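# Overview (structure and organization)
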Amino acid sequence: MNPAFGILLRILGIGALVAGGLAVAVAALVSMILLGPLVFWLAWNVLDFGHALGLPELGFWGIVLATLFLVAGWVGKVVITAIVFLVDPSWFHGAAQVHWPSPTFKNFVAVALLAVLASRPHAHARGRKRRRDKR
């Protein structure tokens, strides 16, 4: 076999490996971006958790913002609240009769789904460095 052909095959093999890894990473990112709002919609609108609390169903942007609010950190929550307040300040003046939901299995599943969104794995993974004793 020609040495140049062997080098070309090695380069193409590494390129395919990198391209495949990048494709898997992009697919995982896109699925997570789409999966979060889908889980929230399932819990809030399909399982009627909003109605169980005395709150209305949410539309598309309400679901997207609520999902981002659940998975964002403190600064993200402040930014989302500021955006909602600046876009439609009258939204904060709405009245609702919020109450504790009845203890049904359907509401339990809805709370569990929302808890999964709120407790994402990287929320607690902070870069903590150990201090070494210098003696």
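Residues numbered from 1 in each chain as written. Predicted model: local features only at pLDDT ≥ 70, side-chain atom pairs only at ≥ 80, totals over all residues. Heavy atoms only, no water.

## Regarding helix H3 (residues 60-71)
Across its 12 residues, H3 extends 17 Å between first and last C-alpha, which sits within 8% of the 16 Å expected from 1.5 Å per residue. Among all positions in H3, only Ile63, Val64, Ala66 and Thr67 are buried. Within H3, the buried residues cover an arc of 165 degrees as seen down the axis, which keeps them to one side. (Helix = DSSP H or I, 4+ residues; strand = E, 2+ residues; numbered from the N terminus. Expected span 1.5 Å × (residues − 1). Buried < 20%, exposed > 50% of the residue type's maximum accessible area, 1.4 Å probe, protein only. Arc of directions from axis to C-beta.)

## Observations concerning the side chain of asparagine 45
As for its placement among the helices and strands, asparagine 45 is situated in helix H1 (residues 3-46). On the basis of relative accessibility, which here comes to 10%, the residue asparagine 45 falls in the buried class. Side-chain polar atoms of asparagine 45 contact the backbone oxygen of leucine 58, separated by 2.9 Å. Sequence-distant contacts of asparagine 45, defined by excluding residues within four places in its chain, comprise Phe40, Glu57, Leu58 and Ile63. (Polar contact = N/O pair within 3.5 Å; in protein donor to acceptor, adjacent residues only side chain to side chain. Contact = heavy atoms within 4.5 Å.)

## A few points about the packing of H3 against helix H4 (residues 74-87)
Contact pair H3 / H4: the axes reach a minimum separation of 9 Å and the direction vectors enclose 155 degrees. Our classification of the angle between H3 and H4 gives roughly antiparallel. Contacts between H3 and H4 pair Leu65, Leu68, Phe69 and Leu70 from the former with Lys77, Ile80, Thr81 and Val84 from the latter. (Axes fitted to C-alpha atoms, helices over the stretch in contact; angles between N-to-C directions. Parallel < 35°, antiparallel > 145°, perpendicular 65-115°, else oblique.)

## Re a nonpolar patch on the surface
Judged by side-chain polarity, Leu22, Val26, Leu29, Val30, Ile33 and Leu34 come together as a nonpolar surface patch covering roughly 590 Å² of accessible area. With respect to the helices, strands and loops of the structure, leucine 34 is situated in helix H1. You can call leucine 34 exposed: its relative accessible area is 58%. (Patch = residues over 30% accessible without salt bridge, like charges linked within 9 Å, V, L, I, M, F, W, Y side chains within 5 Å. Areas by Shrake-Rupley, 256 points an atom, 1.4 Å probe, with all protein chains shown as cover. Salt bridge = Lys/Arg side-chain N within 4 Å of Asp/Glu carboxyl O.)

## With respect to the packing of aromatic side chains
Enumeration over the complete set of coordinates arrives at 4 aromatic pairs. Summarising the aromatic geometry, the rings of phenylalanine 40 and tryptophan 44 are spaced 5.7 Å apart at their centres and angled 10 degrees between planes, so their arrangement reads as stacked. Of the two residues, phenylalanine 40 and tryptophan 44 both sit in helix H1, 4 residues apart, roughly one turn of that helix. The pair formed by phenylalanine 40 and tryptophan 44 is uniform in burial state, with each residue classed as buried. Pairwise contacts between aromatic rings join Phe40, Trp44 and Phe49 into one cluster. (Phe/Tyr/Trp six-rings, centres within 6.5 Å; stacked < 30°, edge-to-face > 60°.)

## Focus on unusual backbone geometry
If a residue is not glycine, its phi is most likely negative; likewise, a peptide bond is most likely trans. Here the phi dihedral of aspartate 48 falls at roughly 55 degrees; this positive angle occurs in a residue that is not glycine. Its location among the elements puts aspartate 48 in the loop between H1 and helix H2 (49-53).

## Notes on the packing of H3 against helix H5 (residues 105-118)
Close contact between H3 and H5 brings their axes to 7 Å; oriented N to C, the two are set at 60 degrees. The angle between H3 and H5 falls in the class oblique. In contact with Thr67, Leu70 and Val71 of H3, H5 contributes Leu114, Leu117 and Ala118. When the residues that make up the contact of H3 with H5 are grouped by side-chain class, the tally is 5 nonpolar, 1 polar and no charged. (Nonpolar A, V, L, I, M, F, W, Y, C, P; charged D, E, K, R; others polar.)

## Let's talk about the environment of valine 84
For valine 84, the position within the fold is in helix H4. The exposure class assigned to valine 84 is buried, which follows from its relative accessible area of 19%. Taking the C-alpha atoms as reference points, valine 84 and glycine 62, 22 residues apart in sequence, are found 9.9 Å from one another.

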